[in-house]
Amino acid sequence: EEVTLKIADSLPADHIITRNTTNLFIEKVKQELGDRIAFEHYPAQQLAKAKDMLAITQAGIADIGYIVPSYVSEKMPLGGVVELPGEIASSCEGSLAFAELVRPGGKLDTLEFRPNGVRVLYNVALSPYQAVFSKRAGVGSLGDIAGKKVRSNPGAMELSLQAIGGAPVRMTPPEIFDAMTKGTIDGALLPFTSTYSYGLDKIVGSATRGANFGTVGITYSISQKKWDSLPADMQDVLTRAGRAVTESACKAFDQAEGEMADKLAAGGADVFTLSADDKTRLNSGFSSVAEHWATAL
């Protein structure tokens, strides 16, 4: 009997994450299982907003959901560990470390994913986040960020901004374009890959390069109830495909990050590298973030 799995996320259908994870995951699974399995993919918040992906996966509205711990920090606060600034140097370093935490039996699986009734199939951590700003914000150095309203994820990333005088504003990526266009926020913390995926390259006037404001841990997780209903050989294929996708996607993200920084600069944005003094100041501000984050938890 054919099994149909519904996948839901909040990403644009052509997002670099979708191209390098979900599309590839579906292709790999179909290669092995053929007509025994079918997928229905609902991108761009068609089934729910980003913050509600866990809830619709738990409810069975989606079988596999785009579950980002920091978007549901009230239920998965420890998952924000991957967002600590200055800790992860690349997507691959972060993705593989995060994979060990969320795998079945891993610390985050045991403490947060399993209690919430979901099981991670594949995950990524994006390349270190940079700060991107609208043209009207007039940011050209680290010192200019003080007092600016900047989108961030809840938790560790907010502490990163506060450490350098920024004013964090919570919102999900699909909301950033309108907020920056209207002046509700001055900028956002994002990797360059997401800057392009959400069309922000059209309105960005400046951006940091080589900074490390942390990253975000992203998972595509299946409801445990759905997982338990699948035959063992199908579970094995999904597990192997998920691991392969995690390992290959991070390489694509790291390569694209440098290319897109160059492209943004070539398009006229001021993509500035921090001075030695600014790097020292940034690292000094970040040094206490992990301790404060852990203490708050």
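Our structure is the block above this text.
Residues numbered from 1 in each chain as written. Predicted model: local features only at pLDDT ≥ 70, side-chain atom pairs only at ≥ 80, totals over all residues. Heavy atoms only, no water.

### Considering the sheet that holds strand 3 (residues 64-67)
Judged by pairing direction, the sheet is mixed, and its 5 strands sit side by side in the order 2-1-3-10-4 without closing on themselves. Because the sheet does not close on itself, it has two edges, and the strands there are strand 2 (37-42) and strand 4 (118-125). The average angle at which neighbouring strand axes cross in this sheet is 20°, direction not considered. The strands touched by helix 3 (residues 91-102) within the sheet are strand 4 and strand 10 (217-223), with strand 4 carrying the most contacts at an inclination of about 165°. The sheet contacts of helix 9 (residues 232-266) involve strand 1 (3-8), strand 2 and strand 4, and relative to strand 4 the element is tilted by about 20°. (Pairing = 2+ DSSP bridges. Helix = DSSP H or I, 4+ residues; strand = E, 2+ residues; numbered from the N terminus. Axes fitted to C-alpha atoms, helices over the stretch in contact; angles between N-to-C directions. Contact = heavy atoms within 4.5 Å.)

### Quick word on the state of the cysteines
One pass over the structure, following the stated rule, counts 1 disulfide. Two residues, Cys92 and Cys250, share a disulfide whose sulfurs are 2.1 Å apart. Here Cys92 and Cys250 share a disulfide; its torsion about the S-S bond, 85°, makes the bridge right-handed. With Cys92 in helix 3 and Cys250 in helix 9, this pair connects stretches of sequence that are 158 residues apart. You'll find Cys92 and Cys250 in the same group, each marked buried. (Disulfide = S-S within 2.5 Å. Buried < 20%, exposed > 50% of the residue type's maximum accessible area, 1.4 Å probe, protein only.)

### Observations regarding the pattern of salt bridges
Two side chains that carry opposite charge are able to pair once their charged atoms sit near each other. By the definition in use, this model includes 9 salt bridges. A salt bridge links Arg114 to Asp109; the nearest nitrogen and oxygen atoms lie 2.9 Å apart. Here Asp109 falls in the buried class, since its relative accessible area comes to 5%. Taking the shortest distance from any N to any O, the salt bridge between Arg209 and Asp262 comes out at 2.8 Å. (Salt bridge = Lys/Arg side-chain N within 4 Å of Asp/Glu carboxyl O.)

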